[in-house]
Amino acid sequence: MNSDRLLLLAIETTCDETGAAVLEGPRPPAEGVPRIVSSVVSSQVGLHQRFGGVVPEIASRAHVRQILPMIDEALKRAGVSLDDLDAVAVATRPGLVGALVVGLTAAKALALALDVPLVAVDHLEGHLYACQLAYPDRQVYPCVGLVVSGGHTSLYACQGPLECEPLGGTIDDAAGEAFDKVASLLGLGYPGGPEIERAARSGNPKAYAFPRSFIHDSRLAFSFSGLKTAVLYALRGQNEERGDIQPSPEMTADLAASFQEAVVDVLVAKTRQALKQTGLKRLGVGGGVAANARFRERLVEMTDKMGVETFIPPMSLCTDNAAMAGVALLKLAAGQVADLDVDVTAGLVRPGRGA
Ligand code: KG4
Ligand code: ZN
């Protein structure tokens, strides 16, 4: 390997995707955006499908099975061997503890065996840094960051990739989780986002007046559980005893379209509020919900009006992947190396703090 370049192996096991990636970045003090040399992901969607959501125990076991094959595959595709690596990075927070532990244990073992630094990264910082990886020639930071996925709905003010301060987030379900739960109520498949989006195409977004929680509130908070309940009541009335009702295709389409519009309204309004409050002129977006065409259309319409530049990576970098842990190369340059006794953290931690 070229000695003025650093080669990083990155590992992702925060939820239900096992990812490994090889990135190449400039050796400090030189600066620059790392290049993704290879990135592979093994999705567990098929394993969780029949449960309508991620089952933590199943996720951990699948990571155990997939982590070494993914690392091997990432190295193979990059055309490098373990001995070429200069550092190992892993997302240690936030996520499912049992899932996080699998990635962290693999990363620790490799760092110890290869005698290279271990770098612990925040999964949400990674999601936002994916914007910079996707647009290496553009300036993404400082920006407002919006992570909107199955596990997260959070807004950040990011002065830089490692300086993201939380502005607010969901107090209950994440937006993607709401898509998944409502899809399940409507008898649609998992993951629910694409299914709802498909059903919504032929529906009327104004058919049902669903709640838009916090939309007129100055706090940058989200809540989607009331919306989910409103869909349930619209579906079967408030009488629990009516049991499961299979709505007609027309009703399904209208419920899906009205639900989707409510989520999009809230996401766009709160992001607009965050941009106004911070005065930042760039927006970085991460997470699987960014796949939603209606959301993207409305978001870009809003940011265009505000003169805000919007960065949405291609879907392979929006959904969970290991390449986004390439933010580790910046941490390495800043001397933020983890000790081998570093632990995982389930909940949200203020990004930019700690190892
Ligand atoms: O980022 P991601 O792959 O995984 C994590 O949750 O970390 O996001 C998956 C989530 C799921 O909840 C899924 O329903 C949602 O993203 N999603 C969508 C769409 N595609 C995926 N939500 C709305 N519309 C979509 N087209
Ligand atoms: Zn994620």
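Our subject is the structure that appears above.
The text that follows walks through the structure, step by step, so that each part is easy to find. Keep in mind it's a predicted model, so treat the numbers as computed, not measured. (Residues numbered from 1 in each chain as written. Chains lettered and ligands numbered in written order. Predicted model: local features only at pLDDT ≥ 70, side-chain atom pairs only at ≥ 80, totals over all residues. Heavy atoms only, no water.)

## Observations regarding the sheet that holds strand 7 (residues 153-158)
- The strand order across the open sheet formed by five strands is 8-7-6-9-10, and the pairing between neighbours is mixed. In the strand order of this sheet, the two ends are held by strand 8 (164-169) and strand 10 (309-311), each with one partner. Strand-to-strand twist across the sheet, computed as the mean angle between neighbouring axes with direction ignored, equals 20°.
- Looking at chain direction, strand 6 (residues 143-148) and strand 7 are connected through six bridges and run antiparallel. (Pairing = 2+ DSSP bridges. Helix = DSSP H or I, 4+ residues; strand = E, 2+ residues; numbered from the N terminus. Axes fitted to C-alpha atoms, helices over the stretch in contact; angles between N-to-C directions.)

## Digging into the pairing of strand 4 (residues 87-93)
- The buried fraction of strand 4 amounts to seven of the seven residues, a majority that puts the element mostly inside the structure.
- With four bridges connecting them, strand 1 (residues 5-12) and strand 4 associate as parallel partners. Paired with A10 across the strands is A89, a residue of strand 4.
- What joins strand 4 to strand 5 (residues 118-122) is helix 3 (residues 97-114), and the crossover it makes is right-handed. (Buried < 20%, exposed > 50% of the residue type's maximum accessible area, 1.4 Å probe, protein only. Right-handed = clockwise from strand over helix to strand, strands pointing away.)

## Quick notes on the pattern of salt bridges
- Here the structure, examined in full by the defined rule, presents 19 salt bridges.
- With its nearest N and O atoms 3.6 Å apart, the salt bridge here joins E24 to R5. Within this pair, whereas E24 is found in strand 2 (residues 17-26), its partner R5 is found in strand 1, the two being separated by 19 residues in sequence.
- On the basis of relative accessible area, R5 is assigned to the partly exposed category, the value being 24%.
- Across the pair R198 and E195 runs a salt bridge whose closest N-O atoms are separated by 3.5 Å. One end of the pair, R198, and the other, E195, are both in helix 6 (residues 192-200), three residues apart, so they sit about a helical turn from each other.
- A relative accessible area of 47% means that R198 is categorised as partly exposed.
- On the accessibility criterion, E195 (24% relative accessible area) is partly exposed.
- Where salt bridges share partners, they join R212, E261, D265, R294, E297 and R298 into one cluster. (Salt bridge = Lys/Arg side-chain N within 4 Å of Asp/Glu carboxyl O.)

## Here's the deal with the state of the cysteines
- For the coordinates displayed, the defined rule picks out one disulfide.
- The disulfide bridge from C158 ends at C164, spanning 2.4 Å between sulfur atoms. Here the S-S torsion is close to 110°, and the disulfide linking C158 with C164 is therefore right-handed.
- With no disulfide of its own, C15 lies 16 Å from the sulfur of C318, the closest cysteine sulfur.
- Of all cysteine sulfurs, the one in C143 lies closest to C131, which takes part in no disulfide; the gap is 6.8 Å. (Disulfide = S-S within 2.5 Å.)

## Details of the packing of aromatic side chains
- Under the defined criterion, the tally for this structure stands at four aromatic pairs.
- Between Y208 and F210, the ring centres sit 5.5 Å apart and the planes meet at 5°, which makes this aromatic pair stacked.
- Judged by centre distance (6.2 Å) and plane angle (20°), the ring pair of F222 and F224 falls under stacked.
- Classification of F222 by relative accessible area gives buried; the value is 0%. (Phe/Tyr/Trp six-rings, centres within 6.5 Å; stacked < 30°, edge-to-face > 60°.)

## Examining the coordination of the zinc ion (ligand 2)
- Coordination of the zinc ion (ligand 2) by the protein is provided by H123 (NE2), H127 (NE2) and D320 (OD), with metal-donor distances spanning 2.1 Å.
- The sequence pattern describing where the donors of the zinc ion (ligand 2) fall on their chain is H-x3-H-x192-D. Of the two residues, H123 is situated in helix 4 (residues 123-134) and D320 in the loop between helix 10 (315-318) and helix 11 (328-333); the sequence distance between them amounts to 197 residues.
- Residue D320 is classed as buried on the basis of its relative accessible area of 14%. (Donors = N, O, S within 2.8 Å, 3.2 Å for Na, K, Ca; no water.)

## Structural notes on unusual backbone geometry
- Here the bond from R93 into P94 is cis, since omega is -20°, no more than 30 degrees from zero.
- With respect to the helices and strands, P94 occurs in the loop between strand 4 and helix 3.
- With an omega of -5°, the peptide bond between Y190 and P191 qualifies as cis.
- You can see P191 is positioned in the loop between helix 5 (175-185) and helix 6.
- A positive phi is found at D115, a non-glycine position, where the angle reads about 55°.
- Looking at the secondary structure, you find D115 in the loop between helix 3 and strand 5.
- In this model, F214 sits at a positive phi of 65°, which is unusual for a non-glycine residue.
- Here F214 lies in the loop between helix 6 and helix 7 (225-236).

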